[in-house]
Amino acid sequence: MTGTTTIPVTQTASTAPAIPVLSVEQVTVRFAGLTALDDVSFTVAPGSIHALIGPNGAGKSTSFNVLSGVYRATSGTVRFGDALLTGLMPHRIAELGVARTFQNIVLTAGTVADNLMLGRYTLTRAGFAATALRLPGAVREQRRHRERAREIAEFVGLGARFETPVGLLSYGERKRVELARALCMEPKLLLLDEPVAGMNTAERKAMAHTITAIRRALGISILIVEHDMGMIMRISDEVTVLDFGRRIGGGTPQQVQRDPAVIRAYLGTGDHAAPAANRTTDGDGAR
Ligand SMILES: Nc1ncnc2c1ncn2[C@@H]1O[C@H](COP(=O)(O)OP(=O)(O)OP(=O)(O)O)[C@@H](O)[C@H]1O
C-alpha cells in the first residue's frame, strides 16, 4: 500500500452521484430440497461499510450471488434505490453501479492494466468496431479510461505494477488487482467477497486500510463477506449475521458481539464470550 489516501476522483463531491440504499427484503433461495436463504432482510445505508457474517454454510455467498444476479431469488426482492435488482442479469446490475470481487481469484492472463481495463468495459461508449479501427474518438476514450485505471492502481498500491503480467504477482497483489478491477467500474456499491482470505497478517492490515480509504475517498457503500472477525469488528459500521440461511442478528459491531443468538451460532452455546474481535471462522484474525 502506498501512502496515498484518496483516489483522485474525476468528479467533485458536489457532482458525484447519490449513493442509493440497498434493500434486501424477505429473500428466500431454495435449491432442490435445501433452503440456502430463508426470508432474509437487511439494508445497507449509503456510504456505510456493512458486513455480512456467519458460520460456514450460513448463506453469505448465496446472498452475494443473489445481489449480483448470479442466482435468482425464489422469493423476495432486492432494491438499489429505485431499481429492482431481482431478476436482472449480472451485467445489468453492474451497469446500475454494483461491482463485485470474487473470493477465488481467477486472474492469470494479461497485465494489471489489461485486467483493470476489463473493469472499464461497462463504461466504454465507443463500440467494438470504432475501438478496433482506432477511430480518434475511441482512442481518446481508451486513453482516458487507461489514465483512470492507473489512478486506481496507484490507490490500491499497484502503481508500480501497472504494466506487470498478473501471473508474476504475489497472491496478495492479485487480490488487490481484483479489488481495483471492481473499482474501475466506478461502483456505487462494492461487494467484497472475502477480501483478506489467504493473506498474511501484514497483507490483511493493509487491505483493511485500503477498504476504509476507499469509503473515505469515494463515499460509496461497501458490503463485505469475511471470516476475519477482527477486521470486520474494526472497520464495519453495521453487521448482519446469518446462520443456516436465516438472519439471526444485526446492528453495530458492539451490539452483535453481545447478542446471545450470535454468540450461540459461533460458539454453540450462549454461555460464552461474544465472537471475539480477533476470532475468525476460517483462517486467522488480523490484528
Ligand atoms: N448452487 C448451489 N446448489 C445447491 N446448494 C447450494 C448452492 N449454493 C449454495 N448452496 C448451499 O447453500 C447453503 C449456503 O451456502 P453458502 O455458500 O451461501 O454459505 P456461506 O455462508 O457463503 O458459507 P462459507 O462461509 O463456507 O463460504 C449451503 O448449505 C450450500 O451447500
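Residues numbered from 1 in each chain as written. Predicted model: local features only at pLDDT ≥ 70, side-chain atom pairs only at ≥ 80, totals over all residues.

**Q** Now, about the packing of helix α3 (residues 112-119) against helix α6 (residues 171-183): what can you tell me, with residues and values included?
**A** Closest axis-to-axis distance for the α3/α6 pair is 7 Å, and the angle between their directions is 35°. Handedness of the α3/α6 crossing: right-handed. Across from Val112, Asn115, Leu116, Leu118 and Gly119 in α3, the residues of α6 making contact are Val177, Ala180, Arg181 and Ala182. (Axes fitted to C-alpha atoms, helices over the stretch in contact; angles between N-to-C directions. Helix = DSSP H or I, 4+ residues; strand = E, 2+ residues; numbered from the N terminus. Left-handed = near helix turned anticlockwise from the far one by under 90°. Contact = placed C-beta atoms within 7 Å.)

**Q** So what about the nonpolar core? Which residues, and what values?
**A** Membership of the largest hydrophobic core comes to 70 residues, with the highest contact counts inside it found for Ile152, Ala180, Leu191 and Ile222. Excluding residues within four positions of it along the chain, Leu191 makes contact with Phe64, Leu67, Ser68, Val98, Ala99, Arg100 and Leu223. (Core = buried A, V, L, I, M, F, W, Y, C linked by C-beta atoms within 7 Å. Buried ≥ 20, exposed ≤ 12 C-beta atoms within 10 Å, placed from the backbone.)

**Q** Requested: an account of the environment of Phe42, with residues and values cited.
**A** One can find Phe42 in strand β2 (residues 34-44). Distance from Phe42 to Arg258, taken between C-alpha atoms, is 19 Å for residues 216 residues apart in sequence. Not counting the four nearest positions on each side in its chain, Phe42 is found in contact with Val24, Thr240, Arg247 and Gly250.

**Q** Hey, could you go over the site of the ligand for me, with residue numbers and the actual values?
**A** Phe31, Leu34, Ala36, Gly54, Asn56, Gly57, Ala58, Gly59, Lys60, Ser61 and Thr62 make up every residue found near the ligand. Elements with a minimum of two residues in the shell around the ligand: β2 and α1 (60-67). Considering every element that reaches the shell around the ligand, the biggest residue donor is α1, with 3 residues. (Near = placed C-beta within 6 Å.)

**Q** Just give me the short version of the sheet that holds strand β6 (residues 98-100), but keep the residues and values in it.
**A** Spatial ordering of the open sheet is given by β6-β7-β8-β3-β9-β10, a layout of 6 strands whose pairing is mixed. In this open sheet, the two strands that pair with only one neighbour each are β6 and β10 (246-251). On average, adjacent strands in this sheet sit at an angle of 20° to one another, irrespective of strand direction. The pairing of β6 with strand β7 (residues 189-193) spans 3 bridges and is classified as parallel. Of the residues in β7, the one forming a bridge with Val98 is Leu189. Taken strand by strand, helix α10 (residues 260-267) contacts β9 (238-243) and β10, and its axis lies near 125° from that of β10. (Pairing = 2+ DSSP bridges.)

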